[in-house]
Amino acid sequence: MKLSFHGHSVVKIETNGKTILIDPFITGNDLCDLDAGKVKADVILLTHGHNDHVGDTIDIAKRNDALVVAPFELATYLGWQGLNTHPMHIGGAHEFDFGRVKLTQAFHGSAYTDDEKQEIIYTGMPSGILFFAEGKTIYHAGDTALYSDMKLLEKYRIDVAFLPIGDNFTMGPDDAAVAAEWIGAKKVVPMHYNTFPVIEQNPESFAESLGNDTGHVMKPGDEVEV
């Protein structure tokens, strides 16, 4: 399995002959190295409905005829936009031909904002994602605060966890360090930082604070084999 990070919360997983994008916020993301008009995807996984996570989902999914897996209300909204969607909800899991997906809790908001119409469209509960394939477990926390039930995730023996550290909108480095300890992942990659001035952080300091070579900073475009 190959993992790559592409700025903010954009993660690509290549496994079982499929390319999976998580939260493809590309256009308007100065830290992203991908081209929204050229990126390939068989599947798009979404954690919640905020614009900086839904991102270019509609255009990418239509161009690639990709399946979009998302929390129920967000999947319903995107289905109305003509996308092929699979709705899920927190605590539920589903076995796909590319791997198994389970949604976890995330303490945050979830709404899609239409600036032209000045509308905020409610898109259900936010989530994190557990992804299982090739005997490996990947955790993408989405946008979340620290919460005590993260301790329950330890049982999944997570190989790589992507945790937000930006603060202000999500947990900051200190809380993310606690989350890393609780979930017990072999590797922890910081995300959701430095995209905007209000979430500027030092990812190297965060990674070093975890000790035992657990922290792993990935720059946009970096890849790792798991």
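Calculation notes
- Residues numbered from 1 in each chain as written.
- Predicted model: local features only at pLDDT ≥ 70, side-chain atom pairs only at ≥ 80, totals over all residues.
- Heavy atoms only, no water.
- Pairing = 2+ DSSP bridges.
- Helix = DSSP H or I, 4+ residues; strand = E, 2+ residues; numbered from the N terminus.
- Axes fitted to C-alpha atoms, helices over the stretch in contact; angles between N-to-C directions.
- Contact = heavy atoms within 4.5 Å.
- Salt bridge = Lys/Arg side-chain N within 4 Å of Asp/Glu carboxyl O.
- Buried < 20%, exposed > 50% of the residue type's maximum accessible area, 1.4 Å probe, protein only.
- Left-handed = near helix turned anticlockwise from the far one by under 90°.
- Nonpolar A, V, L, I, M, F, W, Y, C, P; charged D, E, K, R; others polar.

1. Considering the sheet that holds strand E3 (residues 18–22)
At step 1: On the basis of which strands lie adjacent, the open sheet formed by seven strands has the order E6-E5-E4-E3-E2-E1-E15 and mixed pairing. The sheet terminates laterally at strand E6 (84–88) and strand E15 (223–225), the two strands that pair on one side only. Strand-to-strand twist across the sheet, computed as the mean angle between neighbouring axes with direction ignored, equals 20°.
At step 2: In this fold helix H2 (residues 57–64) packs onto E3, strand E4 (43–45) and strand E5 (67–71), with an angle of close to 160° to the strand it touches most, E4.
At step 3: Docked against the sheet, helix H3 (residues 72–80) engages E5 and E6, running at close to 140° with respect to E5.

2. Comments concerning the pattern of salt bridges
At step 1: Throughout the structure, instances matching the rule amount to three salt bridges.
At step 2: The salt bridge partner of arginine 100 is glutamate 95, with a shortest N-O separation of 4.0 Å.
At step 3: The class of arginine 100 is partly exposed, set by a relative accessible area of 33%.
At step 4: Overall, the relative accessible area of 55% leaves glutamate 95 in the exposed class.

3. Re the packing of helix H4 (residues 173–183) against helix H5 (residues 203–210)
At step 1: Two elements in contact, H4 and H5, have axes whose closest approach is 10 Å; the angle formed by their N-to-C orientations is 35°. Remark: the crossing between H4 and H5 carries right-handed chirality. Residues Pro173, Ala176, Ala177 and Ala180 of H4 form the contact with H5, whose participating residues are Phe206, Ser209 and Leu210.
At step 2: When grouped by side-chain class, the residues that make up the contact of H4 with H5 number six nonpolar, one polar and no charged.

Shape is all these values report; function is a separate question.
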